Amino acid sequence: MDIKDGQSAPTSKKPIYSRFSQQELPAWKPILTPGWVIATFSVIGIVFIPIGLVSLFSSESVVEAVLRYDDSCLPPSHAQNAVAYIQSDTTNKTCITKWTVDHKMEAPIYIYYQLDNYYQNHRRYVKSRNDKQLWNKAAEGDTRNCFPEDKIKDTNQPIVPCGLIAWSLFNDTYRFLTNNKDLTVNKKNIAWGSDRRSKFGSNVYPKNFQLGDLIGGAKLNESIPLNEQEDLIVWMRTAALPTFRKLYGKIETDLEVDDKIEIVIENNYNTYEFGGKKRLVLSTTTMIGGKNPFLGTAYLLVGGLSLLCAIGFIFLYVIKPRPLGDPSYLSWNRNPGNIK
């Protein structure tokens, strides 16, 4: 077709050829021969099974004691009205329980509190905080996202720290005695170092906290900056699941078999209103952390299945071998780069 004067030639939609656009760059394209498949499954099994055994053995060597106390610390006279009991300011909430050490526990012994049926991962709860306020004293008046725990109603003064997470701070306390002597509970360095350094300010102090009509949980010492309030820092790292544990402190002395431990619990935190449960957990640790049989079981399962697959492929290859095709007929081996 002739192109008249003043008319431009039609543009081509054909892309400019390059080895990159046509996916012709050098690449490793392995051929999964029986030898490669059997060797791969065998290596996975040989590596994963010992790792699983070590992880499982390490997990089983952790000594852990779990004591539920929300039910045992509820007086029989208040069994039918637990919410009124826990909300009352006049009832005695001190509970004493005795525990005998079954297995030797070597220091450090970590103390956790465990809550069940507590949804810290609720969207509105997770958002109910202001990170700028927690970090910078100049932003203490910034209470966005914190309603209804943002300001004091009468004076309109900001609450520091604001929001529902801080307001609902866990306030049960534990005291441990053996032979009528207190076991020291170390509450230093129980929070993540990164949280203390980069999320909670050293010049930010609690202000107007828990002064509203409804008290949610523990109170804070207004003379201590937020980056040293480690119970608060631990609590404000919200949990992803409705059953979770948070670190309370550490006992830095060994507990021997048959030691008699008296535990004095202040049962203050209200979980009765939503059917929650409270547990006290004492646990040792190993090189892989606390008790967690899932990791070792998963390694053993994957390694065992891989070895079974390797053995199965060996039998198939021996009993019914199949000749390999000629790899030169594969598309990427037949004159690559000729189409331009």
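A few points on the structure. Since the model is a prediction, treat every value here as computed from it, not as a measurement.

### Details of the side chain of Ser58
Positionally, Ser58 belongs in helix α1 (residues 34-60). Here Ser58 falls in the buried class, since its relative accessible area comes to 6%. Looking at Ser58, its side chain comes within polar contact range of the side chain of Thr286, at 2.7 Å. Not counting residues within four places of it along the chain, the set of residues in contact with Ser58 comprises Thr286, Met287 and Ile288.

### Here we look at the state of the cysteines
The full count for this structure, using the stated rule, is 2 disulfides. Here the protein pairs its bonded cysteines, counted in sequence order, in the arrangement 1-2, 3-4.

### With respect to the packing of aromatic side chains
Under the defined criterion, the tally for this structure stands at 16 aromatic pairs. Where Phe170 meets Tyr269, the ring centres are 5.1 Å apart and the plane angle is 50°; that geometry is what we call tilted. Of this pair, Phe170 sits in the loop between α5 (164-167) and β4 (173-178) while Tyr269 sits in the loop between β8 (260-266) and β9 (277-283), and the two are 99 residues apart along the sequence. Of the residues examined, Phe170 reaches a relative accessible area of 8% and is grouped as buried. A relative accessible area of 4% places Tyr269 in the buried class. An aromatic cluster is built from Tyr113, Tyr118, Tyr125, Phe170, Trp235, Phe244, Tyr269 and Phe274, whose rings are joined through pairwise contacts.

Cut-offs used in this document
- Residues numbered from 1 in each chain as written.
- Predicted model: local features only at pLDDT ≥ 70, side-chain atom pairs only at ≥ 80, totals over all residues.
- Heavy atoms only, no water.
- Helix = DSSP H or I, 4+ residues; strand = E, 2+ residues; numbered from the N terminus.
- Buried < 20%, exposed > 50% of the residue type's maximum accessible area, 1.4 Å probe, protein only.
- Polar contact = N/O pair within 3.5 Å; in protein donor to acceptor, adjacent residues only side chain to side chain.
- Contact = heavy atoms within 4.5 Å.
- Disulfide = S-S within 2.5 Å.
- Phe/Tyr/Trp six-rings, centres within 6.5 Å; stacked < 30°, edge-to-face > 60°.

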